[in-house]
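# Topology and contacts: notes
Residues per chain are reported as follows:
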Amino acid sequence: MSGILYGLGVGPGDPELLTLKALRLIRENPVIAVPGNDIKASVAYQIVKGAYPKLDEKELIPVAMPMTKDRELLEKSHEEAADRVEECLQKGQNVVFLTLGDPTVYSTGIYIYKRLKKMGYQGEIFSGIPSFCAAAARLEISLVENRQELHVLPVSYGIEEKLKLPGTKVLMKTGKKMEKVKAVLKEEGQQAKMVMNCGMDGEKIYKCTEEIPEDAGYFSIVIAKEKEK
């Protein structure tokens with residue numbers, strides 16, 4: 001009998017935000033798939049290790065997740081990752097696949113999960129706290145109230161028209177485009193706040209657009225709202 005694949009969200013960075021269910025699944029299952037080539041350098045690994053010191057006693061398998069838009073390279077990496085996980089599933093071993101935040105929000109792990117499900121393997125997905133919810137909490141603001149809309153937007157795929165949407169905009173994957181993001185925010189008259197490295201070492205909070213550095217790191221969440229009237 002084949003093993004079961006668990007797509008598991010580990011939250012945004014603080015080990016104390018790991019859910020009880022996530023911790024139980026990690027304790028009870030023999031194989032943990034960790035995103036990245038270097039297991040010990042993986043943020044997902046570090047989060048779980050902080051909550052479960054015995055993590056290294058498990059069979060840990062690295063799963064390469066290249067940061068690229070090259071479709072051919074992505075397809076190849078997803079195929080190789082699925083093959084690596086499948087080896088364990090075929091042995092009857094359950095595999096817990098760690099993902100930052102929530103597995104259903106811009107998670108590379110979801111591609112592996114869908115591929116293996118299509119191949120006929122059993123699987124379940126378990127939520128983690130999304131990074132933008134944790135960021136809003138750290139900023140002590142609400143994401144939406146009353147009839148406001150919420151838009152979660154990947155900045156790496158264009159942003160100008162999207163910032164014209166009503167309600168609250170969560171800007172993810174800002175990366176190297178922060179200078180452009182700030183310019184568009186100013187042009188559109190949007191108020192913005194940002195949390196960098198939410199729940200991790202080096203966490204920084206910025207309460208206005210002007211404070212946000214243009215060299216913000218990869219783990220940066222911008223929350224933009226229309227100016228209050």
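Residues numbered from 1 in each chain as written. Predicted model: local features only at pLDDT ≥ 70, side-chain atom pairs only at ≥ 80, totals over all residues. Heavy atoms only, no water.

### So, the overall build of the protein chain
In terms of regular secondary structure, the protein chain is built from six helices and 10 strands. Taking 2.2 N^0.38 as the reference for a compact globule, 229 residues should give roughly 17 Å; the C-alpha atoms of the protein chain span a radius of gyration of 19 Å, in line with that estimate. Across its three principal axes, the protein chain shows a C-alpha extent of roughly 60 × 35 × 35 Å. In the protein chain, which comprises 229 residues, the share counted as buried stands at 47%. Excluding contacts between residues fewer than 6 apart, the proportion of contacts in the protein chain whose partners are at least 24 apart in sequence is 68%. For the protein chain, the exposed area adds up to about 12400 Å²; of that, 49% sits on carbon and sulfur atoms. The positive charge centre, built from 33 side chains, and the negative charge centre, built from 33, are 2 Å apart in the protein chain. (Helix = DSSP H or I, 4+ residues; strand = E, 2+ residues; numbered from the N terminus. Rg over C-alpha atoms; globule rule 2.2 N^0.38 Å. Buried < 20%, exposed > 50% of the residue type's maximum accessible area, 1.4 Å probe, protein only. Contact = heavy atoms within 4.5 Å. Areas by Shrake-Rupley, 256 points an atom, 1.4 Å probe, with all protein chains shown as cover. Lys, Arg positive; Asp, Glu negative; His and termini not counted. Charge placed at Lys NZ, Arg CZ, Asp CG, Glu CD.)

### Quick notes on the nonpolar core
A general tendency of soluble globular proteins is for nonpolar side chains to be buried together. Ranked by size, the top nonpolar core spans 24 residues in total, and within it Leu8, Ile26, Ile32, Val48, Leu55 and Leu98 carry the most contacts. When residues in this core are grouped by element, the largest group, five residues, is from helix H2 (residues 43–51). If sequence neighbours within four positions are ignored, Leu55 has contacts with Ile26, Ile32, Tyr45, Val48, Lys49 and Leu60. Judged by nonpolar contacts, the second largest core, of 18 residues, contains Met65, Cys88, Leu89 and Val95. (Core = buried A, V, L, I, M, F, W, Y, C linked by side-chain atoms within 4.5 Å.)

### Quick notes on the pairing of strand E7 (residues 168–172)
Note on strand geometry: in a regular strand, side chains alternate between the two faces of the sheet. Within E7, five of the five residues are buried, leaving the element largely enclosed by the surrounding structure. Residues Thr168, Val170 and Met172 point to one face of E7 and Lys169 and Leu171 to the other, with burial holding for every one of them. As judged from the five bridges shared by strand E6 (residues 150–154) and E7, these two strands associate in the parallel manner. The residue bridging His151 from the neighbouring strand is Lys169, located in E7. Bridge analysis of E7 against strand E10 (residues 220–226) gives three bridges, and the strand direction is antiparallel. Paired with Lys169 across the bridge in E10 is Ala224. (Pairing = 2+ DSSP bridges.)

### As for the state of the cysteines
Applying the stated criterion across every chain yields a total of zero disulfides. With no disulfide of its own, Cys133 lies closest to Cys198 among cysteine sulfurs, the gap being 10 Å. (Disulfide = S-S within 2.5 Å.)

### A few points about the pattern of salt bridges
Enumeration according to the criterion identifies seven salt bridges in this entry. Among the salt bridges present, the one from Glu87 reaches Arg84, with a minimum N-O distance of 3.4 Å. Remark: Arg84 and Glu87 occur in helix H3 (residues 71–90); sequence separation between them is three residues, near one turn of the helix. (Salt bridge = Lys/Arg side-chain N within 4 Å of Asp/Glu carboxyl O.)

### Examining H3
Relative to the 28 Å expected for 20 residues at 1.5 Å per residue, H3 spans 28 Å between its end C-alpha atoms, a close match to the ideal helical length. Ser77, His78, Ala81, Ala82, Val85, Glu86, Cys88 and Leu89 are the residues of H3 that are buried. Check the buried side of H3 and you find it contacts strand E1 (4–9), strand E2 (31–35), strand E3 (59–63), strand E4 (95–99) and helix H4 (109–118). Gly92 sits one or two residues past H3 and shows a positive phi near 85°. (Expected span 1.5 Å × (residues − 1).)

### Some words on the sheet that holds E7
Pairing within the open sheet is mixed, and its five strands lie in the order E6-E7-E10-E8-E9. One side of each edge strand has no neighbouring strand; the edge strands of this open sheet are E6 and strand E9 (204–206). The sheet shows a mean angle of 15° between the axes of neighbouring strands, taken without regard to direction. Pairing of strand E8 (residues 190–196) with E9 involves three bridges; the strand directions are antiparallel. If you follow Met194 over to E9, its bridge partner there is Tyr206. Sitting on the sheet, helix H5 (residues 131–139) touches E6, E7, E8, E9 and E10, and the angle it makes with E10 is about 70°. (Axes fitted to C-alpha atoms, helices over the stretch in contact; angles between N-to-C directions.)

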